[in-house]
Every structure is written in C-alpha cells, then in structure tokens.
Amino acid sequence: MPSNTLSPPVPAAVLCGLAGWVPPRVVTNDELAERLDTDDTWIRTRTGIRRRHVAEPGQATSDLAVAAGRLALRSAGTDSVDAVIVTTTTPDRPCPATAPVVATRLGLAGAAAFDVGAVCTGFVYGLATAAGLIASGVARRVLLIGADTYSTIVDPLDRTNAIIFGDGAGAVVLRAGHADEPGAVGHFDLGSDGAHEDLITVAAGGSRQRATGGEPTRAERHFAMRGKEVYRHAVTRMAASARTALSEAGWKTDDVDHFVPHQANLRILHSVADDLDLPRERCVANIDAVGNTGAASIPLALADAVARQRIRAGDRLLLTAFGGGLTWGSCLLTWPELAPHL
C-alpha cells in the first residue's frame, strides 16, 4: 500500500561563508610596459585592467587556496566541513590533486577532497558539484575554493596574455538548508563544446603531449589563447547560458540586481550585459584591480562587492562564466546576510 508519509525535502546548498585572498605583490601596467611592447593606456583600453597581483617565487596554488579557505571558514563560523573542492587550472602537480593537501593544511584531514578542472568556469561547476553533494546527503557542509596562479603558466614575454592574468583565490562555504532561504544556490545551466578545445590551451604536460615523445617547445609549455575567437564564443555562450538559468528560475532580466560574470575582460563583460539588456552598472567588476584570476574571479568579485557594500542581503544575483574546454555555466541566488573576509 502507498505510504502517506511525505518524503523530506531535498536539502539545498546555502552559501554561508565567503572570502577572497590575493598575493601581496602588485604588478602595474607600467611595470609590464618595461618588458613588453605596450603601455598603460593600451592595456586599460583593451582589457580594463590597471594592475594585477602575482604570487612570489615558490608560492603555489595550494598556498593561495589555503589562505582563502581559512578566511572563508572564519566567515562561516566553522572549523569543519565534509568536503573540500578546489577548482583550478594550475594545480600544484599533475598528480595528485591539490585539494587533499589544502584540506590537510586547513585541519580538515579526513574530509572528501578533490579538484574540479573547468578552467575559468571552474567556480560555477564547483558550485553545482557542491550542491549535488549536499542534495544527495553525501555532505552537509562543503568548502569550495577557486584558486589559480596563472603567472606560472603564462609566458612573461607574451604581450597578448601577460597583461591579462593575475593570481588569486576565492572561497565559499556551503551548508545544507532550504531552497527558499537566502543564499540557496540553484537553477544551474552548465555546458561544454570540446570541438573548440584548441582555443584555450597549455599543450605540454599532459598525456597527449607526453605520448608523442620529445621535449616540448617554449610555446607548448605556456598558456595560449586565440583571443578573437574566444571573445566571440565567450559573449555568445555566457549570454545564452544566463538566459537559460533565468528562464528556469522564472526570473526576468529586470529581476537581476547584480550580474557577476567571470572577470575575463571588461569589454567581454559589458558585451554580455548589453546582449542581456542589463544596464552596465549592474555588472559587478573588479578586473581593474586584480586582472583575470581564472577560477578565483567570481568569488573574488563577490567578496570585493560585498565588502564595499555594493551587494547587500536580499539582492538577486546572476553568476555566469566561460572558460577553456570550451565550458560555460550560470547560476542564480539571492544574497544572504554575510560578512566576507578579505
């Protein structure tokens, strides 16, 4: 006979901690101009970037992740989680994953720990992964960290890419809660298109390059991006993904108080906002001060905006990202009462 007992609701992932951390060393456009054929005006006009933070020699992605993770745990008022996820394109090593060592250094040994690789879409993919762990009951609390040290893979003499990227880490803590409470993340849209894998690459270091034999060239060891094609795909994919997430949630564009995109390039951010008919002033951007920090860019932008009281409790947010793979993703949430640590 059918039971009259109602099943308990599926728990939602609720954001309850936030932090951002960047290395102290600042590299200005003028400093880059000393070694590259460029100047401050050219960089700012094309990217919107004035400066970026760069890791010190010997400083790895896990060091940045630990710093941001520790602050996020403090923001959440907790010292324990059931899982640690690190989203990164620049892991400490190809093997093992970076997340287990980050967990141990944070005093979280024993927690599930793994990396997510979706390049600059990593944080949104990580949010969806954490939400799945919580919805399935595998975890009640998850620490999600986006961390990248692009200075370790970008050729410092590459005029095209050296001006864009910076290093940093951003982290959030998610707890099990209810879908209708502030901070609940949901209405995800995720996608990929591997037919364009060659648009954003580091050719050397993986099994594809190693299987061919021979020593990789300097270019193969460094980050490469076909900028014009990436620009076109980024605007198209981010706007389409955002529309899908909004449609699934029953939100209209006017319902969005803040659009928080991956901080790729200021022109890309404004183009996506224009495509969505969102006023540019609703676009949250801190790329001028930190550059493109990969998987760290969205949580860093969130932490900066909340610290400046631009984002307040009750505001409706649209998060959207695009990265190599190609990958893209979006999600929505209503901002909770939360104090970030920077």
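Residues numbered from 1 in each chain as written. Predicted model: local features only at pLDDT ≥ 70, side-chain atom pairs only at ≥ 80, totals over all residues. Heavy atoms only, no water.

Caption draft 1: Main features of the environment of Ala176. With respect to the helices and strands, Ala176 occurs in strand β7 (residues 167-177). Ala176 sits in the buried class, given a relative accessible area of 12%. Sequence separation of Ala176 and Phe188 is 12 residues, and the distance between their C-alpha atoms is 17 Å. (Helix = DSSP H or I, 4+ residues; strand = E, 2+ residues; numbered from the N terminus. Buried < 20%, exposed > 50% of the residue type's maximum accessible area, 1.4 Å probe, protein only.)

Caption draft 2: Molecular detail of the side chain of His53. On the secondary structure map, His53 appears in strand β3 (residues 51-53). Side-chain polar atoms of His53 contact the backbone oxygen of Pro23, separated by 2.6 Å. Ignoring anything within four residues of it in the chain, the contact list for His53 reads Val22, Pro23, Pro24, Arg25, Val26, Gly166, Asp167, Ala289 and Val290. (Polar contact = N/O pair within 3.5 Å; in protein donor to acceptor, adjacent residues only side chain to side chain. Contact = heavy atoms within 4.5 Å.)

Caption draft 3: Local environment of a negative patch on the surface. A grouping of Asp30, Glu34, Asp37 and Asp39 is seen on the molecular surface, where their side chains present a negatively charged patch. Position of Glu34 relative to the elements: it lies in the loop between α1 (29-33) and α2 (40-47). (Patch = residues over 30% accessible without salt bridge, like charges linked within 9 Å, V, L, I, M, F, W, Y side chains within 5 Å. Areas by Shrake-Rupley, 256 points an atom, 1.4 Å probe, with all protein chains shown as cover. Salt bridge = Lys/Arg side-chain N within 4 Å of Asp/Glu carboxyl O. Lys, Arg positive; Asp, Glu negative; His and termini not counted. Charge placed at Lys NZ, Arg CZ, Asp CG, Glu CD.)

Caption draft 4: Spotlight on the sheet that holds β7. Across the sheet, which stays open at both edges, the 5 strands sit in the order β1-β7-β6-β4-β5 with mixed pairing between neighbours. In this open sheet, the two strands that pair with only one neighbour each are β1 (12-21) and β5 (112-116). Strand-to-strand, the axes of this sheet are offset by a mean angle of 20°, without reference to chain direction. Pairing of strand β4 (residues 83-87) with β5, which is carried by 5 bridges, proceeds in the parallel orientation. In the sheet register, Ile85 faces β5, and the bridge partner there is Phe114. Packed onto the sheet, helix α3 (residues 61-76) meets β1, β6 (141-149) and β7 and runs at close to 125° relative to β1. Helix α11 (residues 297-307) rests against β1 and β7 of the sheet, and its axis sits at about 80° to β1. (Pairing = 2+ DSSP bridges. Axes fitted to C-alpha atoms, helices over the stretch in contact; angles between N-to-C directions.)

Caption draft 5: Layout of the nonpolar core. One finds Tyr150, Phe259, Val272, Leu276, Leu318 and Phe322 to be the most contacted residues of the largest nonpolar core, which totals 43 residues. Within the residue set of this core, elements represented by two or more residues are α8 (227-249), α9 (266-275), β12 (316-323) and β13 (327-334). Here this core gets 8 residues from one element, more than from any other, and that element is α8. Ignoring sequence-local partners within four residues, the contact set of Leu276 consists of Ala239, Ala242, Arg243, Thr253, Phe259 and Leu318. Judged by nonpolar contacts, the second largest core, of 36 residues, contains Phe123, Leu127, Leu319 and Leu338. (Core = buried A, V, L, I, M, F, W, Y, C linked by side-chain atoms within 4.5 Å.)

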